[in-house]
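# Fold and geometry: a report
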Amino acid sequence: ETGVTQTPRHLVMGMTNKKSLKCEQHLGHNAMYWYKQSAKKPLELMFVYNFKEQTENNSVPSRFSPECPNSSHLFLHLHTLQPEDSALYLCASSPNSEVTDTQYFGPGTRLTVL
Amino acid sequence: GNSVTQMEGPVTLSEEAFLTINCTYTATGYPSLFWYVQYPGEGLQLLLKATKADDKGSNKGFEATYRKETTSFHLEKGSVQVSDSAVYFCALIKTTDSWGKLQFGAGTQVVVTP
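Basis of the calculations
- Residues numbered from 1 in each chain as written.
- Chains lettered and ligands numbered in written order.
- Predicted model: local features only at pLDDT ≥ 70, side-chain atom pairs only at ≥ 80, totals over all residues.
- Heavy atoms only, no water.
- Pairing = 2+ DSSP bridges.
- Helix = DSSP H or I, 4+ residues; strand = E, 2+ residues; numbered from the N terminus.
- Axes fitted to C-alpha atoms, helices over the stretch in contact; angles between N-to-C directions.
- Contact = heavy atoms within 4.5 Å.
- Buried area = accessible area lost by both parts, 1.4 Å probe.
- Salt bridge = Lys/Arg side-chain N within 4 Å of Asp/Glu carboxyl O.
- Polar contact = N/O pair within 3.5 Å; in protein donor to acceptor, adjacent residues only side chain to side chain.
- Core = buried A, V, L, I, M, F, W, Y, C linked by side-chain atoms within 4.5 Å.
- Buried < 20%, exposed > 50% of the residue type's maximum accessible area, 1.4 Å probe, protein only.
- Phe/Tyr/Trp six-rings, centres within 6.5 Å; stacked < 30°, edge-to-face > 60°.
- Disulfide = S-S within 2.5 Å.

We now examine the sheet that holds strand S1 (residues 4-7) of chain A. Consider a sheet: its strands pair through backbone hydrogen bonds, and that pairing is either parallel or antiparallel. All names here are of chain A. Read across the open sheet, the 4 strands follow the order S1-S3-S8-S7; overall the sheet is antiparallel. The sheet is open, and its two borders are formed by S1 and strand S7 (64-70), each paired with just one other strand. Taken pair by pair, the neighbouring strands of this sheet meet at an average axis angle of 20°, ignoring direction. With 7 bridges joining them, strand S3 (residues 18-25) and strand S8 (residues 73-79) adopt antiparallel strand pairing. The partner of Glu-24 across the bridge, within S8, is His-73.

Glancing now at the interface of chain B and chain A. Listed as interface residues are 24 residues of chain B and, on the opposing side, 22 residues of chain A. Taken together, the two surfaces of chain B and chain A that pack against each other cover about 1,700 Å², and 59% of this comes from carbon and sulfur. Inspection of the region where chain B meets chain A yields 0 salt bridges. The tally of links from chain B across to chain A stands at 3 residue pairs in polar contact (both at pLDDT 80 or more). Breaking the side of chain B that touches chain A down by element, the ones donating at least two residues are strand S5 (32-38), strand S6 (44-50) and strand S10 (86-93) of chain B. The leading source of residues in the side of chain B that touches chain A is S5 of chain B, at 4 residues.

It is worth spelling out the nonpolar core at this point. Counting residues in each nonpolar core, the largest one holds 26 residues, and the members touching the most others are Trp-35, Phe-73, Leu-75 and Tyr-88 of chain B. Within the residue set of this core, elements represented by two or more residues are strand S2 (11-14), strand S3 (19-21), strand S4 (23-26), S5, S6, strand S8 (62-65), S10 and strand S12 (108-113) of chain B. Of the residues forming this core, the biggest block, 4 residues, is contributed by S10 of chain B. Counting 22 residues, the second-largest nonpolar core is a separate cluster that includes Leu-21, Val-60, Cys-68 and Leu-76 of chain A.

Per the stated rule, a full pass over the model turns up 11 aromatic pairs over all chains. The interplanar angle of 40° and the centroid separation of 5.3 Å between the aromatic rings of Tyr-35 of chain A and Phe-105 of chain A together place this pair among those described as tilted. One end of the pair, Tyr-35 of chain A, is in strand S4 (residues 31-37); the other, Phe-105 of chain A, is in strand S10 (residues 104-105), with 70 residues separating them in the sequence. Ring geometry for Tyr-25 of chain B against Tyr-66 of chain B: centres 6.1 Å apart, planes inclined by 80°, an arrangement best described as edge-to-face. Of this pair, Tyr-25 of chain B sits in strand S4 while Tyr-66 of chain B sits in the loop between S8 and strand S9 (75-77), and the two are 41 residues apart along the sequence. The buried category is assigned to Tyr-25 of chain B, whose relative accessible area is 5%. Its relative accessible area of 2% is what places Tyr-66 of chain B among the buried residues.

Residue and element names in this part refer to chain B. Spatially, the 4 strands line up as an open sheet ordered S3-S9-S8-S7, and their pairing is antiparallel. Edge positions in the sheet fall to S3 and strand S7 (56-59), since each of these pairs with one other strand and no more. Put simply, the sheet's adjacent strands are angled 15° from each other on average, direction ignored. Pairing analysis gives 3 bridges linking S3 to S9, with the strands arranged antiparallel. Its bridge partner being in S9, Ile-21 is matched across the sheet by Leu-75.

This next bit is on the state of the cysteines. Under the defined criterion, the tally for this structure stands at 2 disulfides over all chains. The side chain of Cys-23 of chain A participates in a disulfide bridge whose partner is Cys-91 of chain A; the two sulfur atoms lie 1.9 Å from each other. Residues Cys-23 of chain A and Cys-91 of chain A share a disulfide whose torsion about the S-S bond is about -75°; that sign makes it left-handed. In this pair, Cys-23 of chain A is assigned in strand S3 and Cys-91 of chain A in strand S9 (residues 87-94), connecting sequence segments 68 residues apart. Both residues of the pair, Cys-23 of chain A and Cys-91 of chain A, belong to the buried class. With a sulfur-sulfur separation of 1.9 Å, Cys-23 of chain B is cross-linked through a disulfide to Cys-90 of chain B. Since a negative S-S torsion denotes a left-handed disulfide, the Cys-23 of chain B-Cys-90 of chain B link at about -70° is left-handed. Taken together, the positions of Cys-23 of chain B in strand S4 and Cys-90 of chain B in strand S10 put the pair 67 residues apart, joining distant regions of the chain.

Written out as structure tokens, the structure reads:
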């Protein structure tokens, strides 16, 4: 399944670095999401975009900055992260952001902050 | 607030054994309920869903019934295969929420041995 792709798949960065995660969906969907999957914790919704407009920011620290230039692409810009930000970052998309729309997930980016 | 609780893993089974993963939820109103599966190195995939009480979701031999009286959505499969080894996530969306705010349980790892 290559409907939702994420790059890079693995990323190691220092606390002073700036990096970006990229997500692309080829499904013609209008809504895109960022989730954080940490060890021993449930997946946490971070951001929701619907028709390129951010509709949800789930109290995410400002060192995470999302960008959605169009309905097919979603970025997560990272700067001055902390070691506790190490996690798997998952992108998802859905036809719209209706509550019962199925969300399709990408394979994730495994981020390690040193 | 809303929450999803599922049994801790790992659950280790032999091939052809019966699998049950318990999931209970707390939510106001009538949420929609989902099971997602994450195979090693991949993103989450929707396994099945149910949108109202007494609905039964089924897919790939897995079943789960939405039990409003016990606020449960237990996942079952009658005869597991090695290829079913994965992490299984129970999740809900409140139908009164805007946007696709999936709330996940912590996940249950299932290991099926030959």
